[in-house]
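# A look at the structure
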Amino acid sequence: PHGVPHGLPHGFPHSVPHGVPCALGSLGSMQPMAIDLSAPPCTTTVHRPKAPPTQLPPVRPLPDGPRLMSHSTAGVGPVVGEKMANEFSMDSWASRLTFHGAVLRVDMRGMRFTDSQVARWCAWAPALFEPLVKLSQAPLANAVISFAENEIGDEGFGKIAELLTRCQVHCACLDVSRNCLTDKSVCALADLLSKFTSPFLEVRMEDNCIRGSYGITQIAQSLQGHDAYPIWRADAKQYVPILLKLSGNFIEDPAGIPQRLRETMGGLLPCLAEEPLFRDARRRFQCPTLQLPRFEQQRQEGATLGGSSPLLW
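Sequence order sets the numbering: in each chain, residues are counted from 1 along the sequence as written. pLDDT decides what is reported in this predicted model: residues at 70 or higher carry local features, side-chain atom pairs at 80 or more are listed and counted, and totals for whole chains, interfaces and linings draw on all residues regardless. Side-chain calculation: all heavy atoms of the structure are included, whereas hydrogens and water are not.

## Considerations on the overall build of the chain
Where helices and strands are cited, they refer to DSSP runs of H or I of at least four residues and of E of at least two residues respectively, numbered from the N terminus. When its secondary structure is counted, the chain shows eight helices and nine strands. Partly exposed describes any residue whose relative accessible area lies between the buried limit of under 20% and the exposed limit of over 50%, with all areas from a 1.4 Å probe on protein chains only and scaled to the type maximum. The buried share of the chain, taken over its 313 residues, is 38%. Throughout, a residue-residue contact means that at least one pair of heavy atoms, one from each residue, lies within 4.5 Å. In the chain, of all internal contacts separated by at least 6 residues, the share reaching a separation of at least 24 is 73%. Throughout, the Shrake-Rupley method with a 1.4 Å probe supplies accessible areas, and for residues the shown protein chains are the sole cover considered. About 18400 Å² of surface is accessible on the chain, with carbon and sulfur atoms providing 56% of the total.

Shown next as structure tokens:
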């Protein structure tokens, strides 16, 4: 119909623009013929298979780790805010624990931990400590643990001490410097040292809020009644005292405290030198159990950390 030669598909002429002669003439003729564009175009319905519905990946719930509590991320932008939030995630915690050569190292410095966040960390940590104990087939010994440069108070330090005692994690070095600890934490340290048969080599409590001598006296008493102090260093084949670093606090009369500790320490003064003190096996009873390096350098009331001229006694 409409002048379409026999054998051509219906609708074919409609692909030719209006007014353009077609090379196809009438049957038996080579003359071009006019194309009637009034015929309705051929419409073909294409049935496409339906695509399956898009399956969204399941939403993974956030871990039950701590959230930013006292440090708001408002106004810092999504990237920075997310980075700050991740600092308190369990993945971040796990990345700060290493276990090489049967020695546990925990580096939680500068995490802005408060007491409540330390409590959550202490509830989370045993799940990691227990497999390490099974791997080494012995209690964890000579660990190096740092919670320095946080906002931890006495309650938080008590949680740390409780965790170490319960999980039997012995420390070669425990660093809680630059926090908010008071004399109560020094007393808790005296109790912690008495719970382990192996000696701690170094405890750092610099730049806190310790003021009195009562806790230090308790530590001296605890060490004096402990068979592991002074410490026998098998590598050097000599005895050394425990290093207790308390500089940068607010301890009153730092010059008089060593003299008052003499009676508690069996007539020996605590060592005040910065360099390690060694005594050979023949002079064990001449080695003090306690060393207080830079003990005389204490802050005055109103002094702040990080100043160009710290106010010291």
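Now, onward.
## Some remarks on the environment of Pro-254
Mapped onto the elements of the fold, Pro-254 is located in the loop between β8 (242-245) and α8 (257-261). Sequence separation of Pro-254 and Glu-296 is 42 residues, and the distance between their C-alpha atoms is 5.3 Å.

## Describing the side chain of Arg-299
Assignment of secondary structure puts Arg-299 in the segment after β9 (290-291). As used throughout, the charge tally considers Lys and Arg to be positive and Asp and Glu to be negative, leaving His and the chain termini uncounted. Here, a salt bridge means any side-chain nitrogen of Lys or Arg that lies within 4 Å of a carboxyl oxygen of Asp or Glu. No salt bridge is formed by the buried Arg-299; its nearest oppositely charged neighbour, Asp-207, is found at 4.6 Å. Looking at Arg-299, its side chain comes within polar contact range of the main-chain oxygen of Gly-248, at 2.6 Å. We call two N or O atoms a polar contact when they sit within 3.5 Å, provided that within protein one can donate a hydrogen and the other can accept it, with sequence-adjacent residues counted only if both atoms are side-chain atoms.

## Here we look at the pairing of strand β1 (residues 97-100)
Pairing between strands is defined by DSSP: at least two bridges between the two strands are required. Bridging between β1 and strand β2 (residues 103-107) involves four bridges; their strand directions are antiparallel. Across the sheet, the residue bridging to Leu-97 is Val-106, located in β2. Linking β1 back to β2 in an antiparallel pair, the connection comprises two residues, with Gly-101 at a positive phi of about 60°.

## Some points on helix α6 (residues 183-194)
Every helix has an expected span of 1.5 Å times one less than the residues it contains. Look at α6: 17 Å from first C-alpha to last across twelve residues, which is about the 16 Å you get at 1.5 Å a residue. Regarding α6, the residues found buried are Ser-185, Val-186, Leu-189, Ala-190, Leu-192 and Leu-193. Projected down its long axis, α6 carries its buried residues within an arc of 165°, all on one side. What the arc measures is the spread of directions leading from the helix axis to the C-beta atoms.

## Here we look at the sheet that holds strand β4 (residues 171-175)
Taking strand neighbours across the sheet as the criterion, the seven strands line up as β1-β2-β3-β4-β5-β8-β9 in an open arrangement whose pairing is mixed. Unpaired on one side and paired on the other, β1 and β9 mark the two borders of the sheet. Direction of pairing for strand β3 (residues 143-146) relative to β4: parallel, over a ladder of four bridges. The partner of Val-144 across the bridge, within β4, is Cys-173.

## Here we look at the confidence of the model for the chain
Regions with low pLDDT carry predicted coordinates that are not meant to be interpreted in detail. Known as pLDDT, the predictor's per-residue confidence is scaled from 0 to 100. Here the chain averages 79 in pLDDT, and 68% of its residues register 70 or above. Under a pLDDT of 50 for its full length, residues 3-79 has, in the predicted model, 54 contacts with residues more than four places off or in other chains. With pLDDT under 50 throughout, residues 307-313 is counted as low confidence; its partners more than four residues away or in other chains account for 14 contacts.

## Here's the deal with the packing of aromatic side chains
Within 6.5 Å between ring centres, the rings of Phe, Tyr and Trp (the latter by its six-membered ring) count as paired, and their orientation is classed by plane angle as stacked under 30 degrees, edge-to-face over 60, tilted in between. Applying the stated criterion across every chain, the model contains eight aromatic pairs. Seen in terms of ring centroids, Trp-93 and Trp-124 are 5.1 Å apart; in terms of plane orientation they differ by 65°. Their pairing is edge-to-face. Of this pair, Trp-93 sits in helix α2 (residues 90-95) while Trp-124 sits in helix α3 (residues 115-124), and the two are 31 residues apart along the sequence. Relative accessible area serves as the criterion here: at 1%, Trp-93 is assigned to the buried category. Members of the aromatic cluster, connected to one another through ring pairs, are Trp-93, Phe-113, Trp-121, Trp-124, Phe-129 and Phe-147. Lysine NZ or arginine CZ positioned within 6 Å of the ring centre and within 35 degrees of the ring normal marks a charge as sitting over the ring. Over the face of the ring belonging to Phe-250 we find Arg-211, whose NZ or CZ atom lies 4.9 Å from the ring centre. Across from the ring centre of Phe-285, 5.4 Å away, lies the NZ or CZ of Arg-284, which sits over that ring.

## Observations concerning the pairing of β4
Across the five residues that make up β4, a large majority, five, are buried. Note that the unit made of β3, helix α5 (residues 154-167) and β4 has a crossover that is right-handed. Across three bridges, β4 lies against strand β5 (residues 202-204) in parallel orientation. Considered in β5, the bridge of Cys-173 is made with Glu-202. Crossovers are described as right-handed under a simple rule: with the strands pointing away from the observer, the path leading from the first strand over the helix to the second runs clockwise.

## Considerations on the packing of α6 against helix α7 (residues 214-224)
Orientation of α6 relative to α7, taken along the N-to-C sense of each, is 10°, at an axis distance of 8 Å. The pairing of α6 with α7 is recorded here as roughly parallel in orientation. In contact with Val-186, Cys-187, Leu-189, Ala-190, Leu-193 and Ser-194 of α6, α7 contributes Tyr-214, Gly-215, Ile-216, Gln-218, Ile-219, Ser-222 and Leu-223. Under the scheme applied here, ten amino acids are nonpolar (Ala, Val, Leu, Ile, Met, Phe, Trp, Tyr, Cys and Pro), four are charged (Asp, Glu, Lys and Arg), and all others, including Gly, are polar. Of the residues belonging to the contact of α6 with α7, the class tally is nine nonpolar, four polar and no charged. Lines fitted to C-alpha atoms define the axes, with helix axes restricted to the stretch in contact, and inter-axis angles between N-to-C directions lie between 0 and 180 degrees. Angle categories: roughly parallel below 35 degrees, roughly antiparallel above 145, roughly perpendicular from 65 to 115, and oblique for all the rest.

## A closer look at the pattern of salt bridges
If you walk through the whole model with that rule in mind, you get nine salt bridges. Here Arg-204 makes a salt bridge to Glu-206, at a shortest N to O gap of 2.7 Å. For Arg-204, a relative accessible area of 28% translates into the label partly exposed. Overlapping salt bridges bring together Asp-280, Arg-282 and Arg-283 as one network.

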